[in-house]
Structures are given as structure tokens and as C-alpha cells.
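Observations on the three-dimensional arrangement
Single-letter residue listing:
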Amino acid sequence: MDCSGCNKCTEVNCSIDTKCQQLDRSLMDQFGAISFPIYQTATFAHPGLGQSTGYDYTRMQNPTRKQLESIVAYLENGKDAIAFSSGMAAIATIMELFKPGDHFIIDEDLYGGSIRLFNEISKKNGLEYTAVNLSRDNVRKYIKENTKAVYLETPTNPMMNVTDIEELASVTKEKNLLLIVDNTFLSPYFQNPLDLGADIVIHSGTKFLGGHHDTIGGFVVVKDENLDERLRYIFKTTGAGLSPFDSWLILRGIRTLGVRLDRTQENALKLAKYLSSSKHVTKVYYPGLEDHPGYEIMKKQARGFGAMLTFEVDSVEFAHSILNNVQLIYFAESLGGTETLITYPITQTHADVPKDVLAKNGITDRLLRLSVGLEGIGDLICEFNRVFAIAEKETADR
Ligand SMILES: *Cc1c(COP(=O)(O)O)cnc(C)c1O
């Protein structure tokens, strides 16, 4: 590889581990601070009438946010990334691209907050949608005259269904639909949907990009200039930009994205195998297991399998007992941080999802989701041995 003259993040030939360390040098301050400064300012002085430093008002632009946007665009091989105050703010902004009467197709297994947004807000605004299983169903059957976009996550939350992005993109291109992929679960470290034909990539920056469960943020990444202009216009008008301090936290999180994901993925695979061998676990959903139906597609379109895994136990009581007795593992919503979290989708992330949708997707009261962290794998397995023994005793006593 010829590395002569490489001094900023515009070349895509660096490894992703290197990219995570490459700040946009054109944005560096005059002192050469390696930790990019937090520009905690609402407004910017103009050099003179009709002149601008490129920064006018922080709702529109801010150097710390810009530095973060630059690295996220670089990691996703996009032209631009826009940083929002949350993942949901990013998704809500994308919905502003559409007008009453527009139709879109969504995957039926999505982050609960996205389903709530489409159901409660987008519908009221006159948008219609059809929810289908994009990992299985033929999307062509659902495309109508007024269809404008297809929206999905892969692997899905929490069922870990895998959709072939490239195959889907060939249909959306032919039919002139926007392909929108929420890439939160794998992060740009493992998957780059724009390279596979997606038009818009979404991230909840709260998760793997931030990586420490200490801030909320979101991203929209695009490669098309026109689309970028429309989104930037909505962004500056509706005003859900990420604050300078939160931008700095996520910038810091990205520095360690690679090592965190390599290690948490390693732990996740070991835990998936451990759980598969437990007599109280009836099903393990992890796309890194060779018998997972999406395994081959994952190998083709991603560089890894991620740190998220879902499993089902043999009774509701057993599931409840696990949640009541974890100690090393936290019983909490969210994912993508350094510590392992266990979530109960049916009462937490998916509490507002209609009952029939939950049932159709297999989200039962025996289903638990893990975001695997950086702890020693022996300790995580020890924790499960301990908790399973308690649960076994408690459920036997009934
Ligand atoms: C958390 C999450 C969101 C929402 O992001 P927030 O930052 O919590 O608003 C969207 N999509 C997925 C897949 C998520 O996990």
C-alpha cells in the first residue's frame, strides 16, 4: 500500500482500526490538540460583513460535531454524516423526507422505539407502511405505486434475522426506492451498508460508537449529495443537533471501537455456545453460530457477527428469576457499552409494540437479550452458572 501523502481521512484504503484514530486534520486547531477541543459555544463571530468562518450558529454547525461527523462518514464510506441528539431524532428527521400519502416498507422486527415512531407519529402525519419479514419475504410483492422507501435493521432487534442488503438494494434501485438501514447492531466496524447499495445508514450513537453507556446520540450517513442537502436542511430547521460535549464523548468512544468490538464479539460467541449447551435454554439467536439461518449472508456482507445475542429459556418463571438474580451483569435497557447488560424485550425495549406483532415475531415472555461486554469470559460463565442454579431451585420450588 502506498501511504505517501496520507494525512487525513479522505482515503478509504486504511484499515478500519486506523480509520478510528484518524481525525480530520483540516479541522485541527492551531495548537495541535490530539484530543479534539469541545467548542462550547452557541454562536460564532463573523470576520466581516458577508463573511463566515464556516460556522455561524451551533444548531447549524459546530466544529466538535463536525469532527465527529467527519469520522463517522469516513467509517461508513459516506459522503456526509449528520450527528443528532439521539438515534430516534435521526430517524424522525429521515421521516421528514416523506409527505402525506407516501408509503414505505419496514421490516417487522425493529427497535421498539422505531416501531412506536412509525405507528404513533408517522401514521398521524399521513404516511403508510407495510411491515414484512425482509429476511424471508419477497419485497416486490409489497411495493405499491406510492412506495418511497424500504427500512430495515440487520441483524434485527431482538430476533437476529439477517437480510441480504445487496440483494434488497438491487430491487430498491430498480424501483427507485430509498433503502434505509439502521446499522446500530454491528456498527461501521463490522458492516458498511452504503457499500452494499443502501442510500441512508442510521446509527444510534448511544450504543457501540459511544460505547460507554454515558451519552445519547444518533447519526444519519449518506453518499448522495442531493439527499444530503435535503437532510441538512431539515436538520438545521428542526434543530436536533448533538451538543459539543456529547460529540466529544462519542469521538472518544470511537477511538476504541475496534478493540471493544473484537473483544465483545469473542465473548458473545463463547456465551452463545455456552447457552446453547444449557438444558434450560430452548433457543439461542446469534448469527455467528454456524446453524443460524443468516450465517452465510453475514459472512458475505459483514466483517463480524457482533456482540448482541438473544436467547429463550424454558419458562417465564425461569426468565424472571434470571433477571432478579443477576449481579455481575446489569439488568438494563440499551446495548453496546463495555459492561454486559441483560434486557427483557417484552417489558422494556418492545413494551409499546402491539401484542400481535410481538407474537408474530416470536418475542415471548421467555426471551432475553444480551449485550455482551468486556468482562472476563470465565466470570460471565460463572455468573450464568450461579444464576441458572438459583433459577432452577426457584422454579422447582413452585
Ligand atoms: C437504541 C436504538 C435506537 C434508538 O437510539 P437512541 O439513541 O436510543 O434514540 C435505534 N435503533 C436501534 C437498533 C437501537 O438499538
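- Taking an unreviewed UniProt entry as the reference, the chain is identified by name as Cystathionine gamma-synthase belonging to Butyrivibrio hungatei DSM 14810.
- Listed in UniProt under the heading Sequence similarities (unreviewed entry), the comment for the chain reads: "Belongs to the trans-sulfuration enzymes family."
- Under the heading Cofactor (unreviewed entry), UniProt records this for the chain: "pyridoxal 5'-phosphate".

**A short note on the sheet that holds strand S1 (residues 80-84)**
- Strand order in the open sheet made by the seven strands is S1-S7-S6-S5-S4-S2-S3, with mixed pairing throughout. Single-partner strands in this sheet number two, and they are S1 and strand S3 (128-132). Neighbour-to-neighbour, the strand axes of this sheet turn through a mean angle of 20°, independent of strand direction.
- Note that strand S5 (residues 178-182) and strand S6 (residues 200-204) share three bridges and pair parallel. Counted as the bridge partner of aspartate 182 is isoleucine 202 from S6.
- Against the sheet, helix H2 (residues 63-75) contacts S1 and strand S7 (218-222), and its axis sits at roughly 130° relative to S1.
- Lying on the sheet, helix H4 (residues 112-122) is in contact with strand S2 (103-107), S3 and strand S4 (147-153); it crosses S4 at an angle near 155°.

**Remarks on the pairing of S5**
- Along S5, five of the five residues are buried, which leaves the element largely enclosed by surrounding structure.
- Judged by which residues are buried, S5 turns out to be covered on both faces: Leu178, Ile180 and Asp182 on one side and Leu179 and Val181 on the other are all buried.
- Note that S4 and S5 share five bridges and pair parallel. The residue bridging alanine 149 from the neighbouring strand is leucine 178, located in S5.
- Taken together, S4, helix H5 (residues 165-174) and S5 form a β-α-β motif whose crossover is right-handed.

What counts as what
- Residues numbered from 1 in each chain as written.
- Predicted model: local features only at pLDDT ≥ 70, side-chain atom pairs only at ≥ 80, totals over all residues.
- Heavy atoms only, no water.
- UniProt positions renumbered as here; feature names shortened; annotations may be inferred.
- Pairing = 2+ DSSP bridges.
- Helix = DSSP H or I, 4+ residues; strand = E, 2+ residues; numbered from the N terminus.
- Axes fitted to C-alpha atoms, helices over the stretch in contact; angles between N-to-C directions.
- Contact = heavy atoms within 4.5 Å.
- Buried < 20%, exposed > 50% of the residue type's maximum accessible area, 1.4 Å probe, protein only.
- Right-handed = clockwise from strand over helix to strand, strands pointing away.

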